[in-house]
Amino acid sequence: MSSIAHNLQVVHDAIALAAHRYGRNPTEIALLAVSKTFSANDVLQALQSGQKSFGENYLQEALDKMLQVETLRVESLCATIPEWHFIGPIQSNKTRPIAEHFSWVHSVDREKIAHRLSEQRPDALGDLQICLQVNISGEASKSGVHPDQLLALAQQVQALPRMKLRGLMAVPEASDDTQVQRAAFQRLAQLAQRLIQHGIAIDTLSMGMSGDMEAAIAEGSTMLRIGSAIFGKRQYAV
Ligand SMILES: *Cc1c(COP(=O)(O)O)cnc(C)c1O
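Keep in mind that what you see is a predicted model, and the values were worked out from it rather than measured.

Trainee: For this particular structure, what's the right way to read the overall build of the protein?
Mentor: The number of helices and strands found in the protein is 9 helices and 8 strands. The C-alpha radius of gyration of the protein comes to 17 Å, within 12% of the 18 Å expected for a compact globule of 238 residues. C-alpha extents for the protein along the principal axes are approximately 50 × 45 × 35 Å. Taking all 238 residues of the protein together, 50% fall into the buried category.

Below you can see the structure in the form of structure tokens.
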């Protein structure tokens with residue numbers, strides 16, 4: 001078994017254990033493998049181990065990797081087709097390739113970006129699945145819509161064609177303290193509840209990374225974004 005296959009098994013076991021501990025159904029917790037900085041071959045190994053969804057932060061890296069993965073996939077007769085999620089910061093001049101090459105975008109945090117993605121989404125690809133990124137750590141984070149502006153943004157996004165608002169995403173300030181981790185995720189879960197009370201039908205809480213997945217599961221995560229626990233330690237060229 002490759003180390004990626006092994007790591008995936010370890011992560012799935014940890015999800016099942018935490019789900020059991022907090023009374024959650026593990027089938028309601030999806031795993032997004034965050035492959036940023038890792039190679040197409042690493043993605044292929046994860047695909048061959050049954051992992052289907054992959055998250056990328058940097059557009060050009062992602063586009064190059066998608067092509068390479070496609071070649072490797074055909075060569076190795078791997079029948080699993082990857083589903084790509086964009087989870088990084090979005091510049092407004094880069095929305096078209098995102099709309100054309102991804103199934104999900106987790107990092108929408110302003111109306112201008114949502115509008116452009118909606119306009120640029122090809123009809124043939126079906127709805128782009130959207131999470132709104134929320135700034136739940138205040139000053140410490142620059143990305144994400146402020147909680148006070150979330151409802152208005154959600155209502156705007158909900159009205160746009162060719163996109164489906166699925167839920168909320170957050171990257172809280174890093175902390176080793178489980179209580180601090182849980183408090184941040186609880187804020188996101190409460191904001192999702194508030195949207196639902198306003199009639200906005202969402203089903204996704206994209207929260208939890210390698211260092212805080214148990215806290216995220218405890219607070220209701222439905223999609224974990226896990227990188228290093230699957231692929232190993234990242235080495236940044238930049
Ligand atoms: C890198 C990244 C992750 C994965 O982080 P790990 O600590 O490697 O699990 C998840 N979400 C976002 C937005 C990221 O940028």
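Trainee: Can you walk me through the UniProt feature "modified residue: N6-(pyridoxal phosphate)lysine" (unreviewed entry) in the protein in this structure?
Mentor: What UniProt calls "modified residue: N6-(pyridoxal phosphate)lysine" (unreviewed entry) maps, in this numbering, to K36. Inspection of the secondary structure assignment puts K36 in the loop between β1 (30-34) and α2 (40-48). Exposure remark for K36: the relative accessible area of 12% places this residue in the buried category. Leaving out residues up to four positions away in the same chain, K36 has contacts with G55, E56, N57, Y58, E61, K65, R234 and Y236.

Trainee: Would you mind showing me how to read helix α6 (residues 147-158) here?
Mentor: Its 12 residues give α6 an end-to-end C-alpha distance of 17 Å, which sits within 8% of 16 Å, the value for a rise of 1.5 Å per residue. Structurally, α6 contributes buried residues whose contacts are with β4 (104-108), α5 (111-120), β5 (128-133), β6 (163-169) and α7 (178-197).

Trainee: Explain the site of the ligand here, please?
Mentor: Neighbouring the ligand are V34, K36, N57, I87, V171, M209, S210, R225, I226, G227, S228 and R234. Here an oxygen atom of the ligand sits 2.8 Å away from a polar atom, N or O, in the main chain of G227. Taking R234, its side chain carries an N or O atom lying 2.7 Å from an oxygen atom of the ligand. Tallied by class, residues from the shell around the ligand come to 5 nonpolar, 4 polar and 3 charged.

Trainee: I keep staring at α2 and nothing clicks. Help me out?
Mentor: Every α-helix winds through 3.6 residues per turn, so residues three or four apart in the chain are directed the same way. Residues A40, D42, V43, L44, A46 and L47 constitute the buried set of α2. At its buried positions, α2 is contacted by α1 (3-21), β2 (53-56), α3 (59-75), β3 (83-86) and α9 (228-231). Directly beyond the C-terminal end of α2, a positive phi value near 100 degrees is found at G50.

Trainee: Mind showing me how you'd approach unusual backbone geometry here?
Mentor: The phi torsion of most residues other than glycine is negative, and most of the peptide bonds are trans. Unlike most non-glycine residues, T37 shows phi in positive territory, near 70 degrees. When you line up the elements, T37 lands in the loop between β1 and α2. Residue R162 is not a glycine yet carries a positive backbone phi of 60 degrees. You can see R162 is positioned in the loop between α6 and β6. A relative accessible area of 27% places R162 in the partly exposed class.

Trainee: Would you take a moment to explain the nonpolar core for this structure?
Mentor: Soluble globular proteins tend to bury their nonpolar side chains together. Formed by 68 residues in total, the largest nonpolar core has its most connected members in V105, L117, I130, L132, L168, L224 and I230. For this core, the element with the most residues is α7, which contributes 7 residues. When residues no more than four places from it in sequence are discounted, the contact partners of I230 are I4, N7, L8, V11, L31 and A33. In terms of nonpolar packing, the next biggest core, distinct from the first, is built from 7 residues, L32, V34, I87 and C131 among them.

Trainee: What's the story with the pattern of salt bridges in this structure? I'm lost.
Mentor: If the charged atoms of two oppositely charged side chains come close together, the side chains can form a pair. Scanning the model with the defined rule gives 9 salt bridges in all. Between E70 and R73 there is a salt bridge, with its nearest N and O atoms 2.8 Å apart. Note that E70 and R73 are positioned in helix α3 at a spacing of 3 residues, about one turn of the helix. With a relative accessible area of 11%, R73 lands in the buried category. Residue R162 is joined to D123 by a salt bridge in which the shortest nitrogen-to-oxygen separation is 3.8 Å. Here R162 is found in the loop between α6 and β6, whereas its partner D123 is found in the loop between α5 and β5, with 39 residues between them in sequence. Using a relative accessible area of 65% as the deciding quantity, one classes D123 as exposed. Among the ionic contacts, a cluster of salt bridges with common partners joins E56, E61 and K65.

Reading guide: rules and limits
For every chain, the first residue of its written sequence is number 1, and the numbers climb from 1 along that sequence. Only residues with pLDDT of at least 70 are given local features in this predicted model, and only at 80 or more are side-chain atom pairs given and counted; all residues enter the totals for whole chains, interfaces and linings. Water and hydrogen atoms play no part in the side-chain values, which are based on all heavy atoms of the structure. Only DSSP runs of H or I covering at least 4 residues are called helices, and only runs of E covering at least 2 are called strands; the numbering of each starts at the N terminus. Note on method: radius of gyration uses C-alpha positions; expected globular size equals 2.2 Å times residues raised to 0.38. Partly exposed describes any residue whose relative accessible area lies between the buried limit of under 20% and the exposed limit of over 50%, with all areas from a 1.4 Å probe on protein chains only and scaled to the type maximum. UniProt positions are given in the numbering used here, feature names are shortened, and annotations may be inferred rather than shown by experiment. Contact criterion: two residues are considered in contact whenever any of their non-hydrogen atoms come within 4.5 Å of each other. For a helix, the expected span equals 1.5 Å multiplied by the residue count minus one. We call a residue near a molecule or strand as soon as one heavy atom of that residue lies within 4 Å of the molecule or strand. For the purposes of these results, a polar contact is taken to be a pair of N or O atoms within 3.5 Å, where, inside protein, one atom must be able to donate a hydrogen and its partner to accept one; residues adjacent in sequence count only when each atom of the pair is a side-chain atom. Amino acids are sorted into nonpolar (Ala, Val, Leu, Ile, Met, Phe, Trp, Tyr, Cys and Pro), charged (Asp, Glu, Lys and Arg) and polar (every other residue, Gly among them). To define a nonpolar core, start from buried Ala, Val, Leu, Ile, Met, Phe, Trp, Tyr and Cys residues and group those joined through side-chain atoms within 4.5 Å. Take a side-chain nitrogen of Lys or Arg and a carboxyl oxygen of Asp or Glu: if they are within 4 Å of each other, that pair is a salt bridge.

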